[in-house]
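For reference, the chains in residue letters:
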Amino acid sequence: MKRPKRTGWRRILPTWRMLLGTFVIGVLLLIGLFFLGYSMVKIPAANTFATKQSNVYLYADGSQLARDGEVNRENVTLAQVSVAAQHAVLAAEDRDFYTESAVDPKAMVRAAWNTATGKGTQSGSTITQQYVKNYYLAQEQTVTRKVKEFFISIKLDRSESKDQILEGYLNTSYFGRNAYGIQAAAQAYYGKDATDLDPARAAYLAALVNAPSEYDVVAHPENKAAAVARWNYVLDGMVKKGWLTESKRATMKFPMPKEQTVSTGMSGQRGYIVNAVNDYLIKNKIVDSDSLEAGGYRITTTLQKSRQNAFVKAVDDKLISKLDKKNNKVDNYVRAGGASVDPKTGQVVAMYGGIDYVKQYTNGATRGDFQVGSTFKPFVFASAVDNGSTTQSGQTITPNTYYDGTDKRAVQGWSGGAYAPENEDEKSYGQITVRKATDLSVNSVYAQMAVDVGPSKVKQTAVGLGIPADTKDLQPYPSIALGTATASVLDMAEAYATLANHGRHGTYTMVEKITKDGTQDIKLPESTTKQAVSRQAADTTTSILQSVVDNGTATAAQAAGRPAAGKTGTAEEDTAAWFAGYTPDLATVVSVMGQDPVTAAHKSLYGALGLQRINGGGAPTEIWAQYTKAALQGTTASDFDLDLQAGAETVAPPTQSTATPGTGGQDNGGTTGGNQDNGGTTGGGQDNGGTSGTPTNGTTDGGTTDGSTTAGTTTSGTTTAGTDSGTTTSGTDSGTSTGTTTDGTSTGTTAGTDTGTTTGTTAGDGGGFGFVQ
């Protein structure tokens, strides 16, 4: 039967078949679009910002030292977030998270309707969708982004567990105060870790996610009522879901967050320490620089907060507070560096880098461009004892061995070139024991001792103690004894810690523990120690360094109130003053340096602090003493347990016994290079600068005198205008060198031995090294 045609207005109405067809086509089209979108939209890599974290640096006691990076975020596992905090966030943002699907179409439609009808902008996103937006996508409000968010959320819900998604959400959400993630938020608002959040504090942090800036009741007290209302909403939700009891809820009071700490970034000592720790991690191949840049590391350092504070206070009290930068130009050049090491463990327990990292970028503790001066001399003596070295006349070198301390005395037994170093203030000491020469820091004695031991052996000993082999100007020349090398304060602290530890060397460490993303423990290098020098060598060196504190240039160190050993030092032209010292429990090095704040050029410290000169026995030793006293406060003082070299008795004989000049079979370091006229490099057979037998008629070969002039017969060998007559003018010497200087040349030396300059530089003296004390 044929259906009648529709007429009139009914012709414009769709039939049920048309409606059904349209519906079916629409459904099929939506299904097609869904599957097309599902297949086309891939889960992308995380956006750069979402994976960016800060590295957190902690003191040894676990308190926070610093946090680096532009993004204040520290990822934690879900297990490291208190259950109360997890429930609070769910109550605030998505109470049915664990039972619902990845997307909630009804909530999305409701949110769109409320926004369209003026009821306020609302989010219809589940926690999964919010996490996708934070972690994988950008924050722009576009249809394209919402479509991607929709499909990625569905896919993510199929590939990751609810716990994984919640963990990611907690680590990527923004809580205000530049805190990304709940761990950073817990620290920013309450100074706690996320694992320690109680329901009240957790509920406030959860409330912040909705409006981070508005709900910060410290920054915006006018919004406190709204923030408290949101806080109550979260707690009520926790009760409704059974996550919090009514009785406990009734007793809760709003937990006011702490005042916001203004970010000081890397100011103060933080920047110096963070950079030093990072350098340590990279140098030891623990973490590479790219990984550190990405962040996410929690680094527990060996630095002890109380000692760190004590170091800063000591520098402020003994140096910085005394500067008058306005009225004294030189005071603007003053900088300082310090490092303190536990000799038994090799751990760096404190470090001073400068007055403020944001004002003085270069770390005074790790920079390696200032001469260490006479703080190097103990390494020469330790090498002498360790190698069983003898003087040119064959006497074993001990604290009681006599040397000629005459100013500008040319070293004997070195064929690499003439070298006649100047003593401080051009003072001559005549016959003097090694112990006394150490007390007074006599250059002429230690330059000769370096030749007696062999400069190559001295360098080897220094490297064994902890000085890096590639240290600038650490060369096997006689001048090595005067500290021309530019080791860092930290390097020197490591080496002195080795002496304090009876010669056993363990490379310093600055990191006690390091984890990645809160879970992965990063393997640290095995702690190994080796006997760098014999115990007798180290302990006998300690013995003479105790004398420096008791009777020498470092008496200010006695203020520490502890048995102490140490050595002062001054760089060429007084550009740096040092004190390196230790007790049985702590090795610390302090350096005061001069640098132009504009050009960065090294500057002399003459006139700084209103003093004629700054030397190692002044501010550096005073800083050392105050710091050491504070750092060891409350601990029992212990004496040095020393195993001394034979012949190292405390009291030296009143005079030196007569000895026949000669080499005594001394090895002066062997071949160290080619034919170089620099007082440093020798080649082939070593000329020990003296005869093998008794001199005849008061004449020696070339007018040279024995490296340890005795009270017996010696020569003076006058030289005029650089010409050696090879004859004597007096024939006998009362125990000191009697040579004279004419026209800038020294007696008893070959032509051109001494330039006669006040810097102590000789013609080709090992690279033109000047005077260091």
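**Student:** For this particular structure, what's the right way to read unusual backbone geometry?
**Tutor:** Trans peptide bonds make up the majority, and among non-glycine residues the majority have a negative phi. Within the chain, Glu 573 stands out as a residue other than glycine whose phi angle is a positive 60 degrees. The exposure class of Glu 573 is partly exposed, given its relative accessible area of 48%. Phi at Ala 600 takes a positive value of approximately 70 degrees, unusual for a residue other than glycine. Within the element layout of this structure, Ala 600 appears in the loop between β16 (587–594) and α21 (619–631). Ala 600 gets classed as partly exposed once you look at its relative accessible area, which sits at 41%.

**Student:** How do you make sense of the pairing of strand β7 (residues 348–352) when you look at a structure like this?
**Tutor:** In regular strands, side chains alternate between the two faces of the sheet. Within β7, five of the five residues are buried, leaving the element largely enclosed by the surrounding structure. Of the pairings in the sheet, the one linking strand β6 (residues 334–341) to β7 comprises four bridges and is antiparallel in character. When the bridges of β7 are listed, Ala 339 appears paired with Met 351.

**Student:** Just checking my understanding: could you explain the environment of Leu 156 for this structure?
**Tutor:** Secondary-structure assignment places Leu 156 in helix α6 (residues 143–159). The sequence separation of Leu 156 and Gln 129 amounts to 27 residues, and the corresponding C-alpha distance is 9.5 Å.

**Student:** Would you mind showing me how to read the sheet that holds strand β15 (residues 576–582) here?
**Tutor:** Adjacent strands of a sheet form backbone hydrogen bonds with each other and so pair up, either parallel or antiparallel. Strands sit in the order β7-β6-β16-β15-β14 across an open sheet of five strands; the sheet is antiparallel. In this open sheet, the two edge strands, each paired with only one partner strand, are β7 and β14 (565–570). If you compare each strand with its neighbour and ignore which way they point, the axes differ by 5 degrees on average. Relative to β15, β14 runs antiparallel, the two sharing six bridges. Bridged to Lys 567 within β15 is Ala 580.

What counts as what
- Residues take numbers from 1 onward in each chain, read along the sequence in its written order.
- Where local features are concerned, this predicted model is filtered to residues with pLDDT of at least 70; where side-chain atom pairs are given and counted, the filter is 80 or more; whole-chain, interface and lining totals use all residues.
- The side-chain quantities take in all heavy atoms of the structure and omit both hydrogens and water.
- A simple rule labels every residue: compare its accessible area, found with a 1.4 Å probe on the protein chains alone, to the largest value its type can have, and call it buried under 20%, exposed over 50%, or partly exposed in between.
- Under the DSSP-based scheme used, a helix requires at least four consecutive residues in state H or I and a strand at least two consecutive residues in state E, with every element numbered from the N terminus.
- For two strands to be treated as a pair, DSSP must find at least two bridges joining them.
- Only the contacting stretch of a helix is used when fitting its axis, a line to C-alpha atoms as for every element, and angles between N-to-C directions run 0 to 180 degrees.

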